[in-house]
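Topology and contacts: notes
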Amino acid sequence: MNFRGLMSGWKKTPFHPQWFAFYGEAEALGEICGRLQGLVADIGCAESKPKGYLPLSADYLGIDYYSTATDWYGTRPGLFADAQALPLKDSCVDHALLLDVLEHLPEPGACLAEIHRVLKPGGSLTLQVPFIYPVHDAPLDFHRWTRFGLVNAARRHGFRVERETLLGHPLESAALICYIALSKSVLNWVQRRHILSLAAVLLPLAILLNNLVAWAGARLSKPDSLMPHGYRMVWLKQPG
């Protein structure tokens with residue numbers, strides 16, 4: 001029984017335990033990329049999803065680490081490079097994207113300094129990071145930030161925070177973590193052929209009900225910054 005493969009096919013449906021992590025991805029990429037012009041560097045580009053949401057007038061440069069691109073994603077970006085040492089000239093990039101990448105870098109400050117170096121004055125960095133989220137892509141998962149940590153990092157590296165977005169209401173974050181944990185436990189039971197692996201039959205229905213209740217509850221509640229599952233911010237490089 002290829003339980004993991006089966007669940008991955010439901011990634012964008014409420015039957016999937018990580019639905020809230022993927023919910024609204026297309027709309028978010030449209031919002032992030034829709035108004036960008038000039039040279040856009042997508043650092044840690046993986047499958048280069050943002051490229052399809054950029055205006056035709058924008059120039060896209062996908063950048064990824066060699067082993068990440070070839071071993072994990074089977075892709076060939078426009079440039080193989082380490083995000084902590086970009087082989088680009090100073091002030092040559094109009095906009096940078098760093099989406100769910102910063103937590104995977106041993107020296108995130110070096111990456112932010114490099115992005116500041118290659119951005120033109122007034123250029124933007126859009127970054128997204130997880131907050132309440134399990135260890136993933138181990139062993140290359142090093143950091144988690146609060147909103148305050150991100151704002152502090154922006155200031156220290158010469159950026160001004162233009163926009164902040166919380167990803168996930170507390171109910172959604174709780175549902176996300178709860179059912180990732182339960183799904184991982186069921187997967188372990190299936191692999192061990194434990195009698196509790198029978199729970200796999202009921203798991204999709206339980207996830208569906210849980211996700212729908214959390215989704216409805218979040219929309220019937222006020223926005224709350226207590227426990228988002230992630231953050232998205234737009235930083236501007238300060239002139240001078």
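See the structure above.
The text that follows walks through the structure, step by step, so that each part is easy to find. (Residues numbered from 1 in each chain as written. Predicted model: local features only at pLDDT ≥ 70, side-chain atom pairs only at ≥ 80, totals over all residues. Heavy atoms only, no water.)

**Overview of the sheet that holds strand E5 (residues 119–130)**
Rules: For two strands to pair, DSSP has to find at least two bridges joining them. Here a helix means four or more residues in a row that DSSP labels H or I, a strand means two or more in a row labelled E, and each is numbered from the N terminus. We call two residues contacting when some pair of their heavy atoms lies within 4.5 Å. Helix axes are fitted only over the stretch in contact, all axes being lines through C-alpha atoms; the angle between N-to-C directions runs from 0 to 180 degrees.
A sheet is described by the order of its strands in space; here 7 strands give the open sequence E3-E2-E1-E4-E5-E7-E6, paired in mixed fashion. Of all the strands in the sheet, just strand E3 (79–80) and strand E6 (159–167) have a single pairing partner and so form its edges. Direction of pairing for strand E4 (residues 93–99) relative to E5: parallel, over a ladder of 6 bridges. Along E5, the bridge assignment pairs His95 with Ser124. Sitting on the sheet, helix H6 (residues 147–156) is in contact with E5, E6 and strand E7 (230–237), with an inclination near 15° to E7.

**Observations regarding the packing of aromatic side chains**
Centre-to-centre distance and the angle between the planes together describe a pair of aromatic rings. Heads up, the rule is: Only Phe, Tyr and Trp rings take part, Trp by its six-membered ring, and two of them pair if their centres are within 6.5 Å. Stacked means planes under 30 degrees apart, edge-to-face means over 60, and tilted covers everything else. Burial classes follow relative accessibility: with a 1.4 Å probe on protein chains only, a residue under 20% of its type's maximum area counts as buried, one over 50% as exposed, and anything between as partly exposed.
With the rule as written, the count across this model stands at 5 aromatic pairs. Geometrically, the ring pair formed by Trp19 and Tyr23 is edge-to-face, given 4.9 Å between the ring centres and 65° between the ring planes. Given a relative accessible area of 7%, Trp19 falls into the buried group. Looking at Tyr23, the relative accessible area reads 41%, which means it is partly exposed. On the numbers, 4.9 Å between centres and 65° between planes, the contact of Tyr66 with Phe80 is edge-to-face.

**As for the pairing of strand E2 (residues 59–64)**
Where strand E1 (residues 39–43) and E2 come together, 5 bridges link them in parallel fashion. Opposite Val40, over in E2, you have Tyr60 as the bridge partner. Across 2 bridges, the pairing between E2 and E3 is parallel. Along E3, the bridge assignment pairs Ile63 with Leu79.

**Focus on the packing of helix H7 (residues 170–192) against helix H8 (residues 203–219)**
Each packed pair of helices is defined by two parameters, the angle between the axes and the distance between the axes. Put simply, the rule reads: Note on terminology: angles under 35 degrees are roughly parallel, angles over 145 are roughly antiparallel, angles of 65 to 115 are roughly perpendicular, and the others are oblique. Charged means Asp, Glu, Lys or Arg here, nonpolar means Ala, Val, Leu, Ile, Met, Phe, Trp, Tyr, Cys or Pro, and polar covers whatever is left, Gly included.
Across the interface, H7 lies against H8 with an axial gap of 9 Å and an inter-helix angle of 170°. Considering their axes alone, H7 and H8 lie roughly antiparallel with respect to each other. Where H7 approaches H8, its residues Leu171, Glu172, Ala175, Tyr179, Leu182, Ser183 and Val186 are matched on the opposing element by Leu203, Ala206, Ile207, Asn210, Asn211, Ala214, Trp215, Gly217, Ala218 and Arg219. Split into classes, the residues belonging to the contact of H7 with H8 amount to 11 nonpolar, 4 polar and 2 charged.

**So, empty space enclosed by the protein**
Note the cut-off: Whether a set of points on the 1 Å grid over the protein atoms alone is a cavity depends on a 1.4 Å probe fitting there but being unable to get out, while an open set qualifies as a pocket with protein on both sides within 12 Å along at least five of seven lines; lining residues are those with an atom within 4 Å of a point. Grid points are joined across faces, edges and corners, and a volume is the space filled by probe spheres set on the points.
Going through the model one piece at a time under the given rule, you end up with 1 cavity of 30 Å³ or more. Considering the residues around the largest cavity, the lining is formed by Glu31, Ile32, Thr126, Arg163, Thr165, Arg232, Met233 and Val234. Of all the secondary-structure elements, those providing two or more residues to the lining of the largest cavity are helix H3 (25–33), E6 and E7. Among the elements that take part in the lining of the largest cavity, E7 stands out by supplying 3 residues, more than any other. Looking at the lining of the largest cavity residue by residue, the classes come out as 3 nonpolar, 2 polar and 3 charged.

Remember that the coordinates give geometry; whether it matters functionally is a separate question.
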